[in-house]
Amino acid sequence: MLSGKTVAQHNSRESCWIIVHGKVYDVTEFLDGGSKIILKYAGKDATQEYEPIHPPDAITTNLPPEKHLGPVEPDTVEKVVVEITDEEKARQERVSNRPSLEEILNLHDFENIAKQVLPEKAWAYYSSASDDEMTLRENHAAYHRIWFRPRILRDVTNVDWSTTILGHKSSMPVYISATALGKLGHPDGELNLTRAAAKHNIIQMIPTLASCSFDEILDAAQPGQVQFFQLYVNKDRAITKKLVQHAESRGVKALFITVDAPQLGRREKDMRMKFEAEDPSVVSKSGSEGVDRSQGAARAISGFIDTSLNWNDLHWFKSITKMPLILKGVQCWEDALEAYDFGVAGVVLSNHGGRQLDFARSGIEILVEVVTKLKEKRGLTFPNEKFSLFVDGGVRRATDVLKAIALGATAVGVGRPFLYAFSAYGTEGVEKAFEILHDEFQMNMRLLGARNLKEVVPEMVDVSNLQSHVVVPRDDLYGNNCASVSL
Ligand SMILES: Cc1cc2c(cc1C)[n+](S(=O)(=O)[O-])c1c(=O)[nH]c(=O)nc-1n2C[C@H](O)[C@H](O)[C@H](O)COP(=O)(O)O
């Protein structure tokens, strides 16, 4: 057993040991991956900093065995005292004073609460989008340019909004979309989603960059619970192949390959967090070249993504797995048509929640274009079992979902609302979010005059204004999120 004193002697760039979960690791050769934060914990216990960003097995799987130096004697390790700042005390106060779940009426409420109770770094990472965050706002604004044409005098005593997604039953046409780093918001991270999804028969898409390990999430699932896997393709294809085949062997039902993120977007709220987290003395000593301003949580964790990914790689994916392949992040009809011709099982019309290319159009606007063009070019009608169209981004109400269904989507993905729900209220928060949506579906389908999703048809929506981007979303980014001169 190593003593904490011995470990503490390896606290420099020349020799850097850290402790994670009671084990000592020599990370000297890995200091380029976010070295500042690692050096801050050189010779110390880094568990507290490590946990929100990495799955438990990240260090053991990515560090060669000879760098695993073995257990440390716990009582010889100097405790890393994290001083509780006044802001943190105030934040904890807000957590204990947050409204009860009974007072939460819609998904927006979860965002409002999360903004007040989440640690700053978590809020910055979850809420941020790229550049001026125009697409972030457009995602939800686009739904406000679609109006309903409801039908009356239909017996709507019994309405049913359940559906099947890629052949699997779901209690609503909504799935949990992949969002990274769940433990930034809650110590149980993505497990909150797994537990709530099991209870409400909702499908969870497991992110490559989850805080919990892949097997932890699978192990937390109930027998028969349906889960999908979202993949960021690794430059090292052997790692990707291992991940994909392991997912298939564990019973994951579909592979969503993220195609809109060859590099993660410039999410400035997130980047600013990292920058402000730097020790000011480091900045003054090392000057601007010493502090990597481009680092934010997003950039720090995504250097592995393969920028060379292209259409030819789909043949390889078909050779390594039998899971249905879905392309997540398709943003024009031409690519949707190419995906259909390639024989994948569907596409997610998505701009990654506005976190990638700013001024990319909303998924719902792309949906209308794709349905029109694939009908014209291939005679396809939607929803289509052979080629599913999914949409995500800005979905906050059952009415948003019903608009997408009417326009041909099989189902929609929701990201942030479920993140905010569990960050503020754990698993019960996510369950409450599902209950709110069920309530909204029942009411809105009755008012629409639709007894099941098949009766939610294109004639029920007016999209004549959808493409007129006359209302440029408010740009208040420069109101509350820019470097300011501290007076
Ligand atoms: C909010 C959020 C979204 C992320 C996300 C993390 C957060 C905090 N992350 S990311 O950091 O790397 O960008 C992922 C991800 O792992 N993989 C992915 O395919 N989409 C990722 N997305 C996009 C997500 O799957 C949906 O496309 C998007 O969230 C839908 O928009 P709403 O949040 O408005 O529902």
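Within each chain, residue numbers correspond to sequence positions counted from 1 in written order. Side-chain atom pairs in this predicted model are given and counted only at pLDDT of 80 or more, local residue features only at pLDDT of at least 70, and totals for whole chains, interfaces and linings cover all residues. Values shown for side chains rest on all heavy atoms present in the structure; no hydrogens or waters enter the calculation.

An unreviewed UniProt entry lists the protein chain under the name L-lactate dehydrogenase (cytochrome), with Favolaschia claudopus as the source organism. In its Catalytic activity (unreviewed entry) section, the UniProt entry covering the protein chain states "(S)-lactate + 2 Fe(III)-[cytochrome c] = 2 Fe(II)-[cytochrome c] + pyruvate + 2 H(+)". UniProt positions are given in the numbering used here, feature names are shortened, and annotations may be inferred rather than shown by experiment. Checking UniProt for the protein chain, the heading Subunit (unreviewed entry) contains the comment "Homotetramer."

Right, let's talk about the overall build of the protein chain for a bit. Strands are runs of DSSP state E lasting at least two residues, helices are runs of H or I lasting at least four, and both sets are numbered from the N terminus onward. In terms of regular secondary structure, the protein chain is built from 20 helices and 15 strands. Its C-alpha atoms give the protein chain a radius of gyration of 23 Å, near enough to 23 Å, the size a compact globule of 487 residues would have. If you line up the protein chain on its principal axes, its C-alpha atoms span 80 × 55 × 40 Å. Accessibility here uses a 1.4 Å probe with only protein chains present; expressed as a share of the type maximum, an area under 20% marks a residue as buried, one over 50% as exposed, and anything in between as partly exposed. In the protein chain, which comprises 487 residues, the proportion classed as buried is 54%. What makes two residues a contact is simply this: any of their non-hydrogen atoms within 4.5 Å. For the protein chain, long-range pairs separated by at least 24 residues make up 76% of all intrachain contacts whose partners lie at least 6 apart in sequence. Each accessible area value is a Shrake-Rupley result obtained with a 1.4 Å probe; residue values ignore everything except the protein chains displayed when judging cover. Surface summary for the protein chain: the accessible area is close to 22,600 Å², and the carbon and sulfur share equals 53%. His residues and chain termini do not enter the charge count, which takes Lys and Arg as positive and Asp and Glu as negative. Charge coordinates come from a single atom per side chain, which is NZ of Lys, CZ of Arg, CG of Asp or CD of Glu. When the 56 positive and 66 negative side-chain charges of the protein chain are each reduced to one mean point, those points stand 4 Å apart. Put simply, the radius of gyration uses C-alpha atoms, and a globule should come to 2.2 Å times the residue count raised to 0.38.

Right, let's talk about helix 18 (residues 398-406) for a bit. With nine of its nine residues buried, helix 18 lies for the most part within the structure. Those residues of helix 18 that sit buried are Ala398, Thr399, Asp400, Val401, Leu402, Lys403, Ala404, Ile405 and Ala406. Positive phi appears at Gly408, one or two residues downstream of helix 18, with a value of about 115°.

On to the pairing of strand 1 (residues 17-20), then. Residues of strand 1 alternate between two faces, with Trp17 and Ile19 on one and Ile18 and Val20 on the opposite face, all of them buried. For two strands to be treated as a pair, DSSP must find no fewer than two bridges joining them. Counted along the chain from strand 1 to the antiparallel partner strand 2 (residues 23-26), the turn is two residues long, and its residue His21 has a positive phi close to 50°.

One finds Phe110, Leu367 and Phe418 to be the most contacted residues of the largest nonpolar core, which totals 107 residues. In terms of residues, this core owes the most to one element, helix 19 (residues 416-448), which gives 15 residues. With residues near it in sequence (within four places) discarded, Phe110 still touches Leu101, Ile104, Pro417, Tyr420, Ala421, Tyr425, Gly429, Lys432, Ala433 and Ile436. If you look at the next biggest cluster of nonpolar residues, it comprises 15 residues, including Leu166, Tyr175, Ala178 and Val348. Put simply, buried Ala, Val, Leu, Ile, Met, Phe, Trp, Tyr and Cys residues joined by side-chain atoms within 4.5 Å make one nonpolar core.

Angles shown run from 0 to 180 degrees and are taken between the N-to-C directions of axes, each axis being a line fitted to C-alpha atoms and, for helices, limited to the stretch in contact. Where helix 16 (residues 333-342) meets helix 17 (residues 363-378), the closest approach of the two axes is 9 Å, and the angle between their N-to-C directions is 50°. Viewed along their axes, helix 16 and helix 17 adopt a mutual orientation that is oblique. As helix 16 packs across helix 17, the resulting crossing turns out to be right-handed. Taken together, the residues of helix 17 that come into contact with helix 16 (itself represented by Trp333, Ala336, Leu337, Tyr340 and Asp341) are Glu369, Val370, Lys373, Leu374, Lys377 and Arg378. The labels follow the angle: roughly parallel below 35 degrees, roughly antiparallel above 145, roughly perpendicular from 65 to 115, and oblique for the rest. Crossing handedness is read from the near helix: turned anticlockwise from the far helix by less than a right angle, it gives a left-handed crossing, and turned clockwise, a right-handed one.

So, about empty space enclosed by the protein. Space inside and on the surface of the protein is sampled on a 1 Å grid over the protein atoms alone, with a cavity defined as a set of points where a 1.4 Å probe fits but cannot get out and a pocket as an open set with protein on both sides within 12 Å along at least 5 of 7 lines; lining residues have an atom within 4 Å of a point. Grid points are joined across faces, edges and corners, and a volume is the space filled by probe spheres set on the points. Evaluation of the coordinates by the stated rule reveals two cavities of 30 Å³ or more. Reported here for the largest cavity is a volume of approximately 390 Å³. Contributing to the lining of the largest cavity are 27 residues, with Ala178, Thr179, His352, Gly353 and Arg355 lying nearest its centre. Those elements giving two or more residues to the lining of the largest cavity turn out to be helix 7 (120-127), strand 14 (411-414) and helix 19. Amino acids outside the nonpolar list (Ala, Val, Leu, Ile, Met, Phe, Trp, Tyr, Cys, Pro) and the charged list (Asp, Glu, Lys, Arg) are all regarded as polar, and Gly is one of them. Considered class by class, the residues forming the lining of the largest cavity number eleven nonpolar, ten polar and six charged.

What follows concerns the domain arrangement of the protein chain. Per the annotation, domain bounds derive from an automatic or database assignment of domains. Once the domains are mapped, the protein chain shows domain 1 (4-76) and domain 2 (105-263 + 305-462). Placing the centre of domain 1 and that of domain 2 at their C-alpha centroids yields a distance of 36 Å. With eight residues of domain 1 at the interface, the matching set in domain 2 holds nine residues. We define a salt bridge as a contact between a side-chain nitrogen of Lys or Arg and a carboxyl oxygen of Asp or Glu at a distance within 4 Å. Put simply, domain 1 and domain 2 have one salt bridge between them. Lys121 is the partner of Glu49 in a salt bridge, and the nearest nitrogen-oxygen pair spans 3.6 Å. Counting of polar contacts relies on pairs of N or O atoms within 3.5 Å, with two restrictions inside protein: one atom must be capable of donating a hydrogen and the other of accepting it, and residues adjacent in sequence are counted only when both atoms are side-chain atoms. Summed over the shared surface of domain 1 and domain 2, the number is zero residue pairs in polar contact (both at pLDDT 80 or more). In the side of domain 1 that touches domain 2, the residues fall into four nonpolar, one polar and three charged.

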